[in-house]
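# Observations on the three-dimensional arrangement
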Amino acid sequence: MSDATPAVQRPAPHGSRDSAFFWEGCRRGVLMGQRCADCGAWRHPPRPMCPHCQSVEREEVELSGRATLYSWAKPVHPPLPMFEPGYLIALVDLEEGQRMLSNLCDVSPEAIEIGMPLEVFFVETAEGGAVHQFRPRQAS
Amino acid sequence: MASNGIRDRVAIVGMGCTAFGEHWDKSTADMLVESAGDAYRSAQVDPEQVDAYWLGTMGSGLSGLVLSEALKIQYKPVTHVENFCATGSEALRNACYAVACGAYDLVMAIGVEKLKDSGFSGLVVGSPAHDGARADITAPAIFSMLVPAYCKKYGVDEETLKDVISRIAWKNHANGAKNPKAQFRNEVPLEMIKASPSIAGMLGLFDCSGVADGSAAAIVCRAEDAHKYTDTPLFVKALSFVAGPSEGNKRQDYDFTTFTEVVASAEDAYKQAGITNPREEISMAEVHDCFTPTELVLLEDLGFSARGEGWKDVLDGRFDLDGPQPINPDGGLKSFGHPIGASGLRMMYEMWLQFRGEAGERQLAAPKLGLTHNLGGGPGSCVSFVSVVGK
Ligand SMILES: [Zn+2]
């Protein structure tokens with residue numbers, strides 16, 4: 001038994017054959033998207049068939065990771081054991097046109113502005129996995 | 001798309017409802033026996049006369065056996081239905097259609113939920129396992145996003161909107177205080193509501209509905225038979241149910257100031273009932289106030305207030321018990337409590353009492369048409385039910 005208090009750590013994503021490329025991208029530090037190879041519609045979470053045209057032809061595409069903040073909230077109750085209290089959730093609008101639910105990090109609630117530019121980054125989970133998070137975009 | 005409706009073809013002729021709250025001393029079966037027994041007595045029928053049953057529960061059991069075992073139903077059809085928090089309304093809708101089509105003469109819709117001893121605070125949805133790529137969010141967090149979206153779209157500052165949603169909580173608590181079956185039967189001062197601790201975003205404790213145990217039941221027959229059972233039946237004018245494509249969290253054109261599913265089901269219900277001006281024609285409504293900003297948005301989605309004007313109508317007292325269009329006269333989910341599978345039938349129970357003049361301290365003068373609205377899911381991803389009922 002170690003004396004150190006174990007840090008709160010996210011459980012690893014389960015993953016499946018459909019979403020393996022997405023989680024593998026997170027481990028590489030790249031946000032991946034799935035797109036229908038016939039009609040071009042984005043879909044998330046990844047799945048085998050396009051809900052619009054029923055095509056099973058699909059593309060796995062590297063996304064820019066750039067987004068803007070659409071909305072956010074600070075959930076307080078109920079506390080969830082896999083999250084440090086004070087975490088923020090965010091709806092982000094990706095540059096490629098999709099919207100995604102994630103966490104907003106490295107910013108105090110007072111400094112948050114709707115529409116602010118964000119960028120993706122990744123945090124390690126248990127068992128060597130990684131999940132995508134967003135933070136204010138660094139000026140480049 | 002055809003949605004022809006069954007206007008005035010079926011009637012509710014008996015109802016029962018347990019008190020909602022923390023029933024540590026009652027099982028799911030006990031609550032079913034209580035609400036069904038009250039409904040049988042209300043319609044003055046023997047259980048043997050009921051031909052078929054629709055049971056609504058989201059998490060308190062699977063299959064029709066939950067009901068048939070509890071009531072010792074003898075070899076009759078019992079259909080278990082589930083549609084998130086609109087489960088009770090879905091049970092009623094299907095029961096009404098079965099009567100309208102002539103398959104049965106007398107049926108029961110009954111809803112139940114046992115939440116308080118589930119071991120977790122709040123409403124827990126046992127979603128089928130997925131691979132983790134679909135992010136989940138707590139209900140208060142996703143509903144809290146209605147607030148900044150509404151403020152931004154209509155130029156209302158957040159302090160004013162906090163007053164608006166607090167007033168909704170204040171109203172529903174005041175109504176619930178007059179309801180002997182409500183979970184919370186106390187008026188709460190506005191200042192206490194505004195000062196309550198945060199649950200998510202701008203939602204405080206008093207902006208969230210009560211998590212409760214409870215059950216409610218209705219007995220339904222064809223309209224022409226209704227007076228065999230009661231002098232004051234409640235006639236069904238419209239029943240609408242829609243499920244949306246669940247794209248709100250994934251598409252950039254959804255703006256969190258409306259439930260598109262509610263707009264669609266309201267439009268359908270009003271067409272079935274022949275209503276063109278819901279603000280004037282609907283005397284009272286029970287709406288799905290799971291969180292206070294939900295009620296605000298619903299007022300506009302249901303056409304009780306013009307877009308961007310609902311917040312002013314709330315502050316003006318339009319929807320108070322003594323206002324021109326009372327909303328949630330029984331206290332709503334906020335104060336009556338929200339046992340998921342029972343809530344839709346609980347809303348109808350208030351219509352039943354009001355139209356029969358049995359609502360006690362909450363009684364409204366001569367209601368003409370009543371509406372119930374029941375939501376399942378959250379902004380961007382939900383199912384919606386709207387009914388219109390009357391004499
Ligand atoms: Zn396609």
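Because the structure is a prediction, the values reported are computed rather than measured.

## As for the overall build of chain B
The helix and strand inventory of chain B stands at 14 helices and 11 strands. Computed over C-alpha atoms, the radius of gyration of chain B comes to 19 Å, within 12% of the 21 Å expected from 2.2 N^0.38 for 391 residues, which places it in the range of a compact globule. C-alpha extents for chain B along the principal axes are approximately 60 × 45 × 45 Å. Going through the 391 residues of chain B one by one, you find that 59% of them count as buried. Taking as baseline every contact in chain B between residues at least 6 positions apart, the subset at least 24 positions apart corresponds to 78%.

## Here we look at the overall build of chain A
Across its full length, chain A carries one helix and eight strands. For chain A, the sequential pattern of α-helices and β-strands runs α-β-β-β-β-β-β-β-β. Structurally, chain A occupies a C-alpha span of about 55 × 40 × 30 Å along its principal axes. Within the span of chain A, comprising 140 residues, buried residues form 27% of the whole. For chain A, restricting intrachain contacts to residue pairs at least 6 apart in sequence, the fraction spanning at least 24 positions comes to 54%.

## Overview of the nonpolar core
Nonpolar side chains in soluble globular proteins tend to be buried together. Counting residues in hydrophobic clusters, the biggest one holds 144 residues, and the most contacted among them are B:Ala95, B:Met108, B:Ala109, B:Ile110, B:Ala218 and B:Val220. Counting residues per element, this core draws most heavily on helix α14 (residues 340-356) of chain B, at 10 residues.

## Description of the interface of chain A and chain B
Every contact between the two is made by 26 residues of chain A and, on the other side, 25 residues of chain B. For the side of chain A that touches chain B, the elements supplying multiple residues, two or more each, are β4 (66-73), β5 (88-94) and β6 (99-104) of chain A. Its residues assigned to classes, the side of chain A that touches chain B comprises 12 nonpolar, 10 polar and four charged.

## Some points on the environment of B:Thr87
Residues and elements named next belong to chain B. Its location among the elements puts threonine 87 in helix α3 (residues 87-100). A tally of 29 C-beta atoms within 10 Å means that threonine 87 is categorised as buried. Sequence-wise, threonine 87 and leucine 345 are 258 residues apart; in three dimensions their C-alpha atoms are separated by 9.0 Å. In this structure threonine 87 touches Gly56, Thr57, Met58, Val81, Glu82, Gly111, Ile340, Gly341 and Gly344, once residues within four positions along its chain are discounted.

## Some thoughts on the pairing of strand β2 (residues 52-56) of chain B
All names here are of chain B. Counting buried residues along β2, five of its five residues qualify, which places the element largely inside the surrounding structure. Both faces of β2 are covered, namely the face carrying Ala52, Trp54 and Gly56 and the face carrying Tyr53 and Leu55. Two elements, β2 and strand β4 (residues 106-113), share five bridges in a ladder whose sense is parallel. Each residue of the ladder has a partner; that of tryptophan 54, found in β4, is alanine 109. Following the backbone out of β2, through helix α2 (residues 65-71) and into the adjacent parallel strand β3 (residues 78-81), one traces a crossover that is right-handed.

## Digging into the domain arrangement of chain B
Interfaces are often sized by the accessible area lost when the parts come together. All names here are of chain B. By the assigned domains, chain B splits into domain 1 (10-118 + 213-236) and domain 2 (139-207 + 237-390). Opposite the 36 residues of domain 1 that make contact, domain 2 presents 33 residues. For the side of domain 1 that touches domain 2, the elements supplying multiple residues, two or more each, are β1 (10-17), α3, β4, β7 (214-222) and β8 (234-243). In terms of residue count, α3 provides more of the side of domain 1 that touches domain 2 than any other element does, seven residues in total.

## Notes on the packing of α3(B) against α14(B)
All names here are of chain B. Where α3 meets α14, the closest approach of the two axes is 5 Å, and the angle between their N-to-C directions is 60 degrees. Note on element contacts: α14 touches α3 through Ile340, Gly341, Ala342, Ser343, Gly344, Leu345 and Met348, opposite Thr87, Gly88, Ser89 and Leu92. Grouping the amino acids of the contact of α3 with α14 by side-chain chemistry returns five nonpolar, six polar and no charged.

## Quick word on the sheet that holds strand β1 (residues 32-36) of chain A
Residues and elements named next belong to chain A. Across the sheet, three strands lie side by side as β2-β1-β3; this open sheet has antiparallel pairing. The open sheet has two free edges, formed respectively by β2 (42-43) and β3 (58-62), since each of these has just one partner strand. Bridge analysis of β1 against β2 gives two bridges, and the strand direction is antiparallel. Opposite arginine 35, over in β2, you have tryptophan 42 as the bridge partner.

## Details of helix α1 (residues 20-28) of chain A
All names here are of chain A. Listed in full, the buried residues belonging to α1 are Phe22, Trp23, Gly25 and Cys26. The arc that holds every buried residue of α1, seen down its axis, measures 150 degrees, which confines them to one face. Buried residues in α1 make contact with β1, β7 (117-124) and β8 (130-136). Note on α1: the residue one or two positions beyond its end, glycine 29, has a positive phi of about 85 degrees.

## Considering the domain arrangement of chain A
Residues and elements named next belong to chain A. Entries for chain A in the domain assignment read domain 1 (16-62) and domain 2 (64-140). Inter-centroid distance (C-alpha atoms) of domain 1 to domain 2 is 21 Å. In this complex, domain 1 contributes eight residues to the contact, which on the side of domain 2 involves 11 residues. For the side of domain 1 that touches domain 2, the leading source of residues is α1, giving three residues. Taken together, the residues of the side of domain 1 that touches domain 2 break down into four nonpolar, three polar and one charged.

## With respect to unusual backbone geometry
Among all residues except glycine, the phi angle is most often negative; among peptide bonds, the trans geometry is most common. Residue A:Pro45 is reached from A:His44 by a cis peptide bond, and omega for that bond is 0 degrees. Going from A:His77 to A:Pro78, the amide bond is cis rather than trans, its omega being 0 degrees. By the element assignment, A:Pro78 lies in the loop between β4 and β5. Phi angles above zero are rare outside glycine, and B:Phe256 is one such case at about 65 degrees.

## A closer look at the packing of helix α5 (residues 146-154) of chain B against helix α11 (residues 292-301) of chain B
Residue and element names in this part refer to chain B. In contact at an axis separation of 9 Å, α5 and α11 are set at 45 degrees when each is read in the N-to-C sense. When the axis of α5 is compared with that of α11, the two are oblique. Contacts between α5 and α11 involve Leu146, Val147 and Tyr150 on the former and, on the latter, Pro293, Thr294, Leu296 and Val297. Looking at the contact of α5 with α11, its residues break down into six nonpolar, one polar and no charged.

## With respect to the environment of B:Val99
Residue and element names in this part refer to chain B. Among the structural elements, valine 99 can be located in helix α3. Residue classification places valine 99 among the buried residues on the basis of 24 C-beta atoms within 10 Å. A C-alpha to C-alpha distance of 15 Å links valine 99 and isoleucine 110, two positions 11 residues apart in sequence. Leaving out residues up to four positions away in the same chain, valine 99 has contacts with Val10, Tyr104, Val107, Val220, Cys221 and Arg222.

Reading the values: rules and limits
- Residues numbered from 1 in each chain as written.
- Chains lettered and ligands numbered in written order.
- Predicted model: local features only at pLDDT ≥ 70, side-chain atom pairs only at ≥ 80, totals over all residues.
- Helix = DSSP H or I, 4+ residues; strand = E, 2+ residues; numbered from the N terminus.
- Rg over C-alpha atoms; globule rule 2.2 N^0.38 Å.
- Buried ≥ 20, exposed ≤ 12 C-beta atoms within 10 Å, placed from the backbone.
- Contact = placed C-beta atoms within 7 Å.
- Core = buried A, V, L, I, M, F, W, Y, C linked by C-beta atoms within 7 Å.
- Nonpolar A, V, L, I, M, F, W, Y, C, P; charged D, E, K, R; others polar.
- Pairing = 2+ DSSP bridges.
- Right-handed = clockwise from strand over helix to strand, strands pointing away.
- Domains from an automatic or database assignment.
- Axes fitted to C-alpha atoms, helices over the stretch in contact; angles between N-to-C directions.
- Arc of directions from axis to C-beta.
- Parallel < 35°, antiparallel > 145°, perpendicular 65-115°, else oblique.

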